[in-house]
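Structural description and commentary
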Amino acid sequence: MRRAVYNSAIPKAISKSVNRASRTAFSLRYAVQVSCALLALAITAGAVDWSGPEQQLARKIVAVTGPGAVTLTVENRSSLGRRDREIIQNGLRSALEGLGIRFVRAEQAAATVAISLSENPASYVWVAEIRQGAGEFSVVMVSAPRAEGSTVPRESVPLSLRKISLWTQDDPILDVAVLEESAGPTRIAVLGAEKLAVYSLQAGKWQQEQAMGIVHARPWPRDLRGRLIPTKDHLLDVYLPGVVCHSSTGAALTLNCRETDDPWPLVPAALSGGTVTVFPGAGSTSVPIPQLAAFYTPTRNFFTGALTPGVGKFTTVPKFYSAALLPREKYMLWLFAATDGRVHLIDGVSDQVARLDWGSELTSVKTSCGAGWQVLATSSEEGNGDSVRAYEFPDRDAVTVSAAIDFPGGGVVRALWTEAKGDTAVAVVRNRETGSYEAFRLAVACSQ
Amino acid sequence: MRLFDWRSLVVSSMMVGALAVQAETRPQYGGVVHVAMRAAPTSLDPADTTQPDSFARRSLTILMFDTLVTADENVRVQPALATSWQTSQGNQMGDQRWQFRIRRDVKFHDGTPLSAEIAAASLRAANPSWNVSADADSVVIERDRPDSELLAELALPRNAIAKRNPDNTISGTGPFHIVDWQPGKKLALAADENCWRGRPYLDAIEIEMGKSFRDQMTALELGRADLVEVAPEQAHRVSQEGRRLASSDSIELLALLFTRDVASADEKLLRQALALSVERGSIRSVLLQGAGQPTASILPNWMSGYGFVFPTGADLPRSRQAREQVRTIPSWTVGYDGTDPVARLLAERIALNAKDAGLSLQPTSAANADLRLVRIPLASPDPWIALANVAALAGIPAGKDSGSVEDLYASELALLTPQRMIPLFHLPVSYAASATLRNWALRPDGSWTLADAWLGAGKP
């Protein structure tokens, strides 16, 4: 068994506006105030320094009991792990000893101190319940900010489908395009609801080159979708519901947007109008890839079904969410994920309808393994996040060729588009635990 | 017992998300959703203080109205009708003057553009004690003291921005507009095609009010309702029947509330005896069918982090000891809501516990009672706001927000010390949905939202 290889996620862009920072004030109120007043927690990768709150709680306890003999219990009522609990317990004992506390059996103690490691949504809350003499009861407490974004590690499984993290941010991501790369991406464009941002990797860190606003007159649909199409003569085009933007060709990047119902391209830029190799068995054949574009409903979340120039005799298909191309030796097979949940397999002559229990997102990638082309499709079960799996169509029946991959935080796939070169796809996922959006590159690995 | 409250919050939220988010396909447009509810509000005005706060009322409000800011599922403040905000000194944790820039190109359902003047008037109506004014395209709120809770306050449904018209009609900017309103009975809403957040997926929502839990469940079973309320004590059974059930965190406080302050030392002892006599554990097991959490605190532990400090166990010897110090034992009446199916049983059981301690407690559904069994929907997941609202309901002065958890504890203790209130349970809010209703969501304040809901073809 071989573990899937992941690169480290690109850190979140940290440039936040004052306003944005203020949005978090509500939930981080405890954290900010307490950290300013009380704590100096240095939260580093994998190691948390609890000495601040330990010292502070110890001082509060000793202020009540005074130096002397106490009996101490520590109970973990929080999501802290066993190791942290032990570290904190030892730290508290040391801090108390440093303030003149001696630990004795209950019958010898002047005071009983019961410490509970608890928590609320904003912070850890450590509570000491102190009993002295004849029923004297006191409560003291401190709070400690939570470490941010501690994700539960997931077991990786051997996959023929790999996901590589491209970008993470709090605001919705509609699409991500890799503009330049060497060993990995070095320049990317991130499409959001209101802006297109270009980032480049400099000295190992992602820096925002530019952010360009997207002008639109009417409100976006709730389930907003958009697509970035890198181009040869200028950097890229942006397709949004009822809006198309073209980037400028000059060094200073600008974005010119206009209201239009121009169709969205369905074929990856590098493949459109060219030829690709298919594997119809033992031999291989080059076949031309015709361009195909589809009209998008400006106030909804689906394609109208009108195609240009069309697939064979079909210039319209049922309303659909996504489409995937599977070149054959003699024809192009198109799969359309219709809004009614069915998948239409259209070869230019016939329209075969299948109910595959797939999600609404599907796309295809050209690879050097298997049949040469795989369809990537989402699926979901109630209670779990979405997953993506690779399929092939030897004839008209889908054959599963990869294990399903899922996404952090029970992620929901919000977009799945083939990248410009056609050999990988970008999946945009909303992490349901953190609420953040993450873009992954999906690649089919042949060495399974 | 180890309590993993934060984790349970997350798990609970995930459960809600799991049930509410069906992501196997993109949202589909169209359809009418039918909702049934027990509450029967006679006004849709978010600021109408004559209407009791309820989860149902919050749910209705956010269908039709928007607030300046909103709290997301992680209780983080997000822009809504205000696109940005600033304070005079840049100290967002506690400033007196706040300026909110109003979103452009937003229209009320009657076609009137949203303006700072209308928004300011709306907030003044909801908060007569606030100093709210319009300044160009901004709303300025000036408080008499630094207010670190202002953002959370503005996210409350009761602070939704409403345009109140001279003909007593009301208009909002929310995803749905009013088509038919029969106060206390029925509300029909239609999608706002020009909603600034985008047209909702559903075409319409029809809401039937004043329906008992039983009638609601029948409607769901017969396919006449898509979303209904489930009594906490019924949630386990409904879940076992395979229904799609979603429950919030414990966001409702069930408590005994005395109608007046302690008048004497003897009365103080008797109230203490009563508090010590209530067997919360067995009441939870039997009457509440395991729902909720016994509590002696106002705020649930998941919200405060220290709730376990308040002991919940009955202590009959101490209860009797307190009672025996008093010579004359008065007979108290405990009032309950006659329309609440479990309230009478709870009141009777509490009276039985009190009797064991030598106290005399007479349940009554009459309005006049010495103390009442009350359900208090906690106003917000923000502990300071929740505490302040409970204090206001109970007629007890609330402490000032300093931000520290120790001060929160001290404030809560100060509210409980006068013995006006005996907290009993924190209860979740539960809803059951039809198989076709997708992507509806429970909000952190216990209300539901259908703004992003849609109807699927069949069982997910």
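About the cut-offs
- Residues numbered from 1 in each chain as written.
- Chains lettered and ligands numbered in written order.
- Predicted model: local features only at pLDDT ≥ 70, side-chain atom pairs only at ≥ 80, totals over all residues.
- Helix = DSSP H or I, 4+ residues; strand = E, 2+ residues; numbered from the N terminus.
- Buried ≥ 20, exposed ≤ 12 C-beta atoms within 10 Å, placed from the backbone.
- Contact = placed C-beta atoms within 7 Å.
- Pairing = 2+ DSSP bridges.
- Axes fitted to C-alpha atoms, helices over the stretch in contact; angles between N-to-C directions.
- Right-handed = clockwise from strand over helix to strand, strands pointing away.
- Domains from an automatic or database assignment.
- Nonpolar A, V, L, I, M, F, W, Y, C, P; charged D, E, K, R; others polar.
- Parallel < 35°, antiparallel > 145°, perpendicular 65-115°, else oblique.
- Left-handed = near helix turned anticlockwise from the far one by under 90°.
- Core = buried A, V, L, I, M, F, W, Y, C linked by C-beta atoms within 7 Å.
- pLDDT = per-residue confidence, 0-100.

1. Describing the overall build of chain A
Within chain A, the regular secondary structure consists of four helices and 34 strands. Counting all 448 residues of chain A, 41% fall into the buried class. The contacts in chain A between residues at least 6 apart in sequence include a share of 52% that link residues at least 24 apart.

2. Brief notes about the sheet that holds strand β20 (residues 421-427) of chain B
Read from one edge to the other, the open sheet built from six strands follows the order β16-β20-β15-β19-β17-β18 (chain B), with strand pairing classed as mixed. Two strands close off the open sheet at either side, each with one partner strand: β16 (293-294) and β18 (360-364) of chain B.

3. Comments concerning the sheet that holds strand β9 (residues 175-181) of chain A
Within a sheet, each strand pairs with its neighbour through backbone hydrogen bonds, oriented either parallel or antiparallel. Residues and elements named next belong to chain A. Read from one edge to the other, the open sheet built from four strands follows the order β9-β10-β11-β12, with strand pairing classed as antiparallel. Edge positions in the sheet fall to β9 and β12 (205-213), since each has one partner strand and no second. Neighbour-to-neighbour, the strand axes of this sheet turn through a mean angle of 20°, independent of strand direction. Sheet analysis places strand β10 (residues 185-191) next to strand β11 (residues 195-202), joined by five bridges and oriented antiparallel.

4. Observations regarding the environment of W50(A)
Residues and elements named next belong to chain A. Position of W50 relative to the elements: it lies in the loop between β2 (47-48) and α3 (51-65). A C-alpha to C-alpha distance of 19 Å links W50 and V113, two positions 63 residues apart in sequence. With residues up to four places along the chain from it excluded, the contact list for W50 reads I87, I88, G91 and A144.

5. Thoughts on the pairing of strand β3 (residues 68-76) of chain A
Residue and element names in this part refer to chain A. In this sheet, strand β4 (residues 101-103) lies alongside β3 in parallel orientation, the contact comprising three bridges. The residue bridging A69 from the neighbouring strand is R102, located in β4. Taking the sense of rotation as the criterion, the β-α-β connection linking β3, helix α4 (residues 82-98) and β4 turns out right-handed.

6. Notes on the domain arrangement of chain B
Residues and elements named next belong to chain B. Each assigned domain of chain B is listed here: domain 1 (1-20 + 29-65 + 174-248 + 429-460), domain 2 (66-170) and domain 3 (252-427). The partner domain 3 presents eight residues to the seven residues of domain 2 that form the contact. The residue makeup of the side of domain 2 that touches domain 3, split by class, is four nonpolar, one polar and two charged.

7. What to know about the pairing of β10(A)
Residues and elements named next belong to chain A. The buried fraction of β10 amounts to five of the seven residues, a majority that puts the element mostly inside the structure. The loop that links β9 with its antiparallel partner β10 comprises three residues. Connecting β10 to the antiparallel partner β11 that follows it, the hairpin turn spans three residues.

8. Examining helix α2 (residues 55-64) of chain B
Residues and elements named next belong to chain B. Across the ten residues of α2, ten count as buried, placing the element largely inside the fold. Within α2, the full set of buried residues consists of F55, A56, R57, R58, S59, L60, T61, I62, L63 and M64. On the buried face of α2, the contacting elements are β10 (176-182), β11 (186-191), β12 (204-208), β19 (371-377) and β24 (448-449).

9. Thoughts on the packing of helix α12 (residues 383-394) of chain B against helix α13 (residues 405-416) of chain B
All names here are of chain B. Here α12 crosses α13 at 15°, and the two axes come no closer than 11 Å. In terms of axis orientation, α12 runs roughly parallel to α13. For the pair α12 and α13, the sense of crossing is left-handed. On α13, the residues that touch P383, W384, L387 and A391 of α12 are L408, S411, E412 and L415. Tallied by class, residues from the contact of α12 with α13 come to six nonpolar, one polar and one charged.

10. A short note on the nonpolar core
Counting residues in each nonpolar core, the largest one holds 162 residues, and the members touching the most others are W126(A), M141(A), A119(B) and L227(B). The element that contributes the greatest number of residues to this core is α12(B), accounting for seven residues. Excluding its chain neighbours within four sequence positions, the residues that come into contact with M141(A) are V125(A), W126(A), V127(A), A128(A), Y306(B), V405(B), E406(B) and Y409(B). The next biggest cluster of nonpolar side chains, apart from the first, holds 77 residues, and it includes V178(A), I188(A), L196(A) and V388(A).

11. Comments concerning the environment of D135(B)
All names here are of chain B. Within the secondary structure, D135 sits in strand β6 (residues 131-135). Taking C-alpha positions, D135 is 52 Å from K268, a pair spaced 133 residues apart along the chain. In this structure D135 touches Q99, A116 and V140, once residues within four positions along its chain are discounted.

12. Things to note about the confidence of the model for chain B
Of the residues in chain B, 92% have a pLDDT of 70 or more, and the chain-wide mean is 89. For residues 1-24 of chain B, every residue scores under 50 in pLDDT, and the model assigns this stretch 51 contacts once sequence neighbours within four places are set aside.

13. As for the packing of helix α7 (residues 265-277) of chain B against helix α10 (residues 316-324) of chain B
All names here are of chain B. One can describe the packing of α7 onto α10 by two numbers: an axis separation of 8 Å at closest approach and a directional angle of 165°. Judged by the angle between their axes, α7 and α10 are roughly antiparallel. For the pair α7 and α10, the sense of crossing is left-handed. Contacts from L269, L270, Q272, A273, L276 and S277 in α7 reach L316, R318, S319, A322 and R323 in α10.

14. Focus: helix α6 (residues 232-240) of chain B
Residue and element names in this part refer to chain B. Within α6, the full set of buried residues consists of P232, E233, Q234, A235 and V238. Close packing links the buried residues of α6 with α5 (213-221), β13 (227-230), β14 (244-247), β20 and β21 (430-433). Positive backbone phi, approximately 85°, marks G242, located one or two places after α6.

15. Details of unusual backbone geometry
Cis geometry marks the peptide bond from T308(A) to P309(A); its omega dihedral reads 5°. The topology assignment puts P309(A) in strand β21 (residues 303-311). Backbone geometry at Q419(B) places phi at a positive 60°, although glycine is not the residue there. Mapped onto the elements of the fold, Q419(B) is located in the loop between α13 and β20. With 17 C-beta atoms packed within 10 Å, Q419(B) lands in the partly exposed category. Positive phi values are uncommon outside glycine, yet N439(B) reaches one of about 60°. Among the structural elements, N439(B) can be located in the loop between β22 (437-438) and β23 (441-442).

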